[in-house]
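So the chains spell out like this:
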Amino acid sequence: MFRTHTCGELTQANINEKVTLSGWVSTLRDKGFMMWIDLRDRYGITQIILDEERSSKELFETARHLGREFVIQVTGTVIERASKNPNIPTGDIEILAENITILNESALPPFTIEDNTDGGEDIRMKYRYLDIRRNPVKEKLIFRSKVAQEVRKYLDAQEFVEVETPVLIKSTPEGARDFVVPSRMNPGEFYALPQSPQTFKQLLMVGGLDRYFQIVKCFRDEDLRADRQPEFTQIDCEMSFVEQEDIMNVFEGLAKHLLKTFKGLDFEQFPRMTFADAMRRYGNDKPDIRFGMEFGEITDLAKGHDFKIFDEQELIVGIAAEGCNSYTRKEIDKLIEWVQRPQIGATGLVWVRCNEDGTYKSSVDKFYSQEDLAAWAERMNAKAGDLLLVMSGNTNKVRSQLSALRMEIAERLGLRNPEIFAPLWVVDFPLLEWDDESERYHAMHHPFTSPKPEDMDLIDSNPGEVRANAYDLVLNGNEIGGGSIRIFDKNIQARMFELLGFTPEQAEAQFGFLMNAFKYGAPPHGGLAFGFDRFVSILDGSETIRDYIAFPKNNSGRDVMIDAPAPIDQTQMDELFIASTFTSK
C-alpha cells in the first residue's frame, strides 16, 4: 500500500509504530549530519528525520536528490519530536525514516506552495492545480463541500427530491445573454446552456414531484466582477401547493441551519422589508443592515433656497457618516472625487459638519441657515461629531449613487465585519420595469413570476404598479437567494407574455411546451434559488466567490490554465456549418 496513515493524523499515541506515509515534499533542511523533510498531503504535514547515527548513507543520498514538490513514499518509525511544534496537530512527533521511495519528481514550482505564497493571482490561476495544494485554497474547497452536504441533509429531511435537469436547452430572449452551442445533427440550429433550470423545475411540479432541488451549474454570458463568474452554481428548489409564506419558512430554515452549523449562530425570524422601503431607506434592493446610515430625504427642506443645484433636482437625499466630522477638507475632497468617478457618475457632493457645540458648518452656508442645517441633521438622525453627505438628482440614479457611497463609508469605518451576519427578506418587488430604449416592459425577475393576487386587477389598467409575488433573501448586503410564486394559469401566463412584448406566435415558439403543460392540471407552485458560490463565500467571511471555485475564470471570462475559450479546428467548424470569420490569435 502507498500509505498506512495520512500526514495529519499521527500523534504521541502512535510512538514506536512503524508507518508508511505518502505525499509532497514541502520543505527540506540539510545540516549535513542530519536532514528534515516536511511531508505534506491534504490532511496536514508530518516531519521526517534522517540522522547519520540511525540512517544509512544510501538513504541520505536518496533524500539529497529530493526537491520541493517531489512525490515520495516514506516508511519509518514514529518517535517523539525533540523540538515540538504546537502549531500543527502532528507537532509532537516525527518519523525516523527507514526507506524513501521517489514516486514522481517535480519541476521547480513557479511559486512557493505555502500559505503566504510569493505568487501573484495571475500566475496562481495559470497553475491552479498547484495553488490548490496551498491550505487557504484547499480549505475553501473543503468548506464548500461541507456546506453542500449540509444543504442536501436539510432538504432531504424536508422531503425534497434531487433531480438533474438538461444542460443543453433552448435559448430564450429574456434575462442575460445565453451561451449557445451549435448542433451538428441539426444544421443552423443551436442549443443554449441554462441560465437556470426554471422551466424544467416548473414542469417537474406539473409532473407531481411536489418538492424538487438540485445543486446545479448555470451559465450567463455577461460582464464579470469579483462575485460573478460565467458559470456558477445554484441551490435550485421548487415546491407545489404552497404560498409565499410556506417557501420563505422552508428556506429561511435552510439559511438558519447553515448559519448555526458553520457559525454557531441562532436567529429569530428574519426581518422583512418591502422593495419600496429598501430603496427609500438604503437606495438598493439588497441593503446591508449590519450598520445604520439610513437615507434621509430632504427634498422638501432643501428646495426653495436659491441653491440652483438642488432646486432643479427630483430628489435630495443624504446620510450621516458617524464620527466623520473629524475628516479634513482634503479627505472630504477625496470623497467628492470618489463619487464623481465614472463608476458612480455623481456630479458632486454637499457636506455638513455636525459640531460638538451644536453648530453646523457646510459647503452651502451661503444658502442655508443653522436652523435649515439642523433640520437636515434631524431628518438623517445625525448627532454631534457626524458628517452629513448629501446628493441630488433623478430619484433612481441618486439613490444608487448614495447607496454606493454609503457602502464605501462603511468599508472605511470598518462597519462591514464579516463575522457579523444580518439576514433580511426583501418582498413586494415590482412585477415589471419599463425600458425606455426598447419601449416595452421587462420582467423584474422572470416571465413566470406571478403578480400578487391583490394587484391582479391592475394588470390591464396599470401594469407598472403591479407587485410581484416575489422575495429575495439578502445577507450582509448581498442577494444570496431569490424566488417567487409562479404563474400556473395559462391565460395569465399568456397575458404576461403579451405585456413583455411577445406576439402569440413568439410566445408559442419560445414557451409553447410550458403553456401546453399548463393545460394538464398545473398545481399552484413556487420556488427559490440560492447563489451557492456566494452563500458559501459569505459564510466563510469573504465576498469573492472565485476563491471557492476549483477552476475559476478570470475577469475576462478566460480560463488561463487551459487557455479557454480558444479557436476550434476548421474541420469542426465545417461539421457545425459555421463559416470561418475569425482569425486565430
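Thresholds, definitions, all that
- Residues numbered from 1 in each chain as written.
- Predicted model: local features only at pLDDT ≥ 70, side-chain atom pairs only at ≥ 80, totals over all residues.
- Heavy atoms only, no water.
- UniProt positions renumbered as here; feature names shortened; annotations may be inferred.
- Helix = DSSP H or I, 4+ residues; strand = E, 2+ residues; numbered from the N terminus.
- Contact = heavy atoms within 4.5 Å.
- Buried < 20%, exposed > 50% of the residue type's maximum accessible area, 1.4 Å probe, protein only.
- Pairing = 2+ DSSP bridges.
- Polar contact = N/O pair within 3.5 Å; in protein donor to acceptor, adjacent residues only side chain to side chain.
- Axes fitted to C-alpha atoms, helices over the stretch in contact; angles between N-to-C directions.
- Core = buried A, V, L, I, M, F, W, Y, C linked by side-chain atoms within 4.5 Å.

**Q** How should the UniProt feature "binding site: L-aspartate" (unreviewed entry) in the chain be read in this particular structure?
**A** As recorded in UniProt, the feature "binding site: L-aspartate" (unreviewed entry) lies at Glu174, Arg220, His445 and Arg486. Structurally, the position occupied by arginine 220 is in the loop between strand 9 (211-219) and strand 10 (231-240). Ignoring sequence-local partners within four residues, the contact set of arginine 220 consists of Ala176, Arg177, Phe179, Gln195, Pro230, Phe232 and Gln234. As for its placement among the helices and strands, histidine 445 is situated in the loop between strand 19 (440-443) and helix 13 (458-461). When neighbours within four sequence positions are excluded, histidine 445 is seen to be in contact with Phe429, Ala470 and Asp472.

**Q** Could you clarify how one ought to interpret the pairing of strand 3 (residues 44-51) in this entry?
**A** Working note: regular strand, side chains alternate between the two faces of the sheet. For strand 3, the tally of buried residues reaches 7 of 8 residues, placing the bulk of the element in the interior. Sheet analysis places strand 2 (residues 34-41) next to strand 3, joined by 8 bridges and oriented antiparallel. For methionine 35, the partnering residue across the bridge sits in strand 3 and is leucine 50. Connecting strand 2 to the antiparallel partner strand 3 that follows it, the hairpin turn spans 2 residues. Relative to strand 5 (residues 93-104), strand 3 runs parallel, the two sharing 2 bridges. Bridge pairing links isoleucine 48 to isoleucine 95 in strand 5.

**Q** Please clarify how the side chain of arginine 546 should be interpreted in this entry.
**A** Position of arginine 546 relative to the elements: it lies in the loop between helix 16 (532-539) and helix 17 (570-575). Side chain to side chain, arginine 546 and glutamate 121 meet in a polar contact 2.3 Å long.

**Q** Got a minute to help me understand the sheet that holds strand 17 (residues 423-427) in this structure?
**A** Strand pairing within a sheet occurs via backbone hydrogen bonds; the two strands may be parallel or antiparallel. The 8 strands are arranged 6-9-10-22-21-20-17-11 in an open sheet whose pairing can be described as mixed. Both outer strands of the open sheet, strand 6 (161-162) and strand 11 (272-274), are each paired with one neighbouring strand and no more. Alignment of strand 11 against strand 17, held across 3 bridges, turns out to be parallel. Looking at the pairing, threonine 274 lines up with valine 427 of strand 17. Helix 5 (residues 198-206) contacts strand 9, strand 10 and strand 22 (525-531) of the sheet and is inclined by roughly 25° relative to strand 10. Sitting on the sheet, helix 16 is in contact with strand 10, strand 20 (470-475), strand 21 (478-485) and strand 22, with an inclination near 55° to strand 22.

**Q** Even after reading the chapter, I still don't get the sheet that holds strand 3, so can you show me in this structure?
**A** Taken together, the 5 strands give a closed barrel; going around it, the order is 1-2-3-5-4, and neighbouring strands pair in mixed fashion. Adjacent strand axes in the sheet meet at a mean angle of 55°, parallel and antiparallel pairs treated alike. Sheet strands in contact with helix 1 (residues 57-64) are strand 1 (18-30), strand 2, strand 3 and strand 5, and its direction is about 65° off that of strand 5.

**Q** Which parts of the structure should I look at to understand the pairing of strand 5?
**A** For strand 4 (residues 71-80) and strand 5, the ladder comprises 10 bridges, and the chain directions are antiparallel. Directly across from valine 71, in strand 5, lies its bridge partner asparagine 104.

**Q** Would you explain the nonpolar core in this entry?
**A** Core analysis: the biggest nonpolar cluster contains 38 residues, and Leu155, Phe251 and Phe530 have the highest contact counts within it. Top element by residues in this core is helix 6 (residues 244-263). It accounts for 8 residues. Here leucine 155 is in contact with Phe160, Phe213, Ile235, Cys237 and Phe251, once residues within four sequence places are set aside. Phe448, Phe502, Leu514 and Phe518 belong to the second-largest nonpolar core, a separate cluster that totals 30 residues.

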